[in-house]
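Summary of the model geometry
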Amino acid sequence: MSVTTISKDKKKAILIGYEGFVGKNLLHQLSQHQVYDHVKVLGEARTLQQLEHVEYAFMPVSAMVDETYDCDDLFLCYDASFFNLGGKHYISKDNYKYIPKIALKAQRDGVNQIMFLSSKNAVSDSLRFTRRIRGLIEESVRKIDFWAKHIFRPATIIGEETDTNWGGNVADKIGAQIDEYTGGLLKRNRPIEASVIARAMIEVAQQVKKGEYIYRSDWLQDYDKDETNQAIKPRK
């Protein structure tokens, strides 16, 4: 019987979806994190952002299925801008089928952990096409036998450049009172910053936990409020 070996340092990561809000934050944070010696990004859009310890490979989504996934952690981060018609990074419907195939190829290549960005609105039986297809993709990824699967299901993602705190402290206090009577309805639907999601994805990858874990907006908000989670671990 084979034994799974999980690295805790000098790790390799592959990031797909670096063009999106969360992906851009992940790329920046992974390149500075002390645990990762090498980061490889796969994507269609070329970038002028050249970072140390980062290898760039530009290709269509369909070609990613033929890549060799020589890494410890896979960050698969297609946010809504890849699915919504007219979105900045829209990929064609014909390419949706490749997303779970990419994850399967990575697992077969020996990748132990996947950090997968989904959505609260990803529902496989939704009448809305985009929500339904994202739900079907998530279901397919969750069926793949990774040693650890970390599924992130935020509600609305806001960009790092947003300077609002969703109404200020007064609104937060009122919202907390409403949440008390609605079972956390507002908290589950409150927007979350892309930088917070990225930071959380990197942190859970270091926890070495076998199994499947799902992180929703309420968990992400509690994570963000914890002052011990406010910074990445920089390179020495």
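Just above sits the structure.
Now for a look at the structure at hand. (Residues numbered from 1 in each chain as written. Predicted model: local features only at pLDDT ≥ 70, side-chain atom pairs only at ≥ 80, totals over all residues. Heavy atoms only, no water.)

Turning next to the pattern of salt bridges. One pass over the structure, following the stated rule, counts 9 salt bridges. Its salt-bridge partner being Asp70, residue Lys12 comes within 3.4 Å of it at the nearest N-O pair. Separated by 58 residues along the polypeptide, Lys12 in strand β1 (residues 11–16) and Asp70 in the loop between β3 (54–58) and β4 (73–76) bring together distant segments of the chain. Overall, Lys12 belongs to the partly exposed group, its relative accessible area being 35%. On the basis of relative accessible area, Asp70 is assigned to the exposed category, the value being 55%. Of the charged contacts in the structure, one is a salt bridge between Lys149 and Glu212, with a shortest N-O distance of 4.0 Å. Remark: Glu212 occurs in strand β9 (residues 211–216) and Lys149 occurs in strand β6 (residues 148–153); sequence separation between them is 63 residues. Take Lys149: its relative accessible area is 10%, and that puts it in the buried class. (Salt bridge = Lys/Arg side-chain N within 4 Å of Asp/Glu carboxyl O. Helix = DSSP H or I, 4+ residues; strand = E, 2+ residues; numbered from the N terminus. Buried < 20%, exposed > 50% of the residue type's maximum accessible area, 1.4 Å probe, protein only.)

Glancing now at the pairing of strand β2 (residues 36–43). Both faces of the sheet carry side chains from a regular strand, because those side chains alternate between them. Burial within β2 is extensive, with 6 of its 8 residues counted as buried. Across 6 bridges, β1 lies against β2 in parallel orientation. Residue Ile14 lies in a different strand from β2, and its bridge partner there is Lys40. Two elements, β2 and β3, share 5 bridges in a ladder whose sense is parallel. Counted as the bridge partner of Leu42 is Ala57 from β3. (Pairing = 2+ DSSP bridges.)

A separate point is helix α3 (residues 129–142). Taking 1.5 Å per residue as the helical rise, α3 with its 14 residues ought to reach 20 Å, and the 20 Å between its terminal C-alpha atoms agrees with that figure. Along α3, the positions that sit buried rather than exposed are Ile133, Arg134, Gly135, Ile137, Glu138 and Val141. (Expected span 1.5 Å × (residues − 1).)

Next up on the list: the pairing of β4. Alternating positions in β4 separate into two faces, Asp73 and Phe75 on one and Leu74 and Leu76 on the other, with burial throughout. Bridge analysis of β1 against β4 gives 4 bridges, and the strand direction is parallel. Counted as the bridge partner of Leu15 is Phe75 from β4.

Taken together, 7 strands build an open sheet; the order of strands is β3-β2-β1-β4-β5-β6-β9 and the sheet is parallel. Two strands lie at the open edges of the sheet, namely β3 and β9, each paired on one side alone. For this sheet, the mean angle separating the axes of adjacent strands, direction not counted, is 15°. Relative to β9, β6 runs parallel, the two sharing 6 bridges. (Axes fitted to C-alpha atoms, helices over the stretch in contact; angles between N-to-C directions.)

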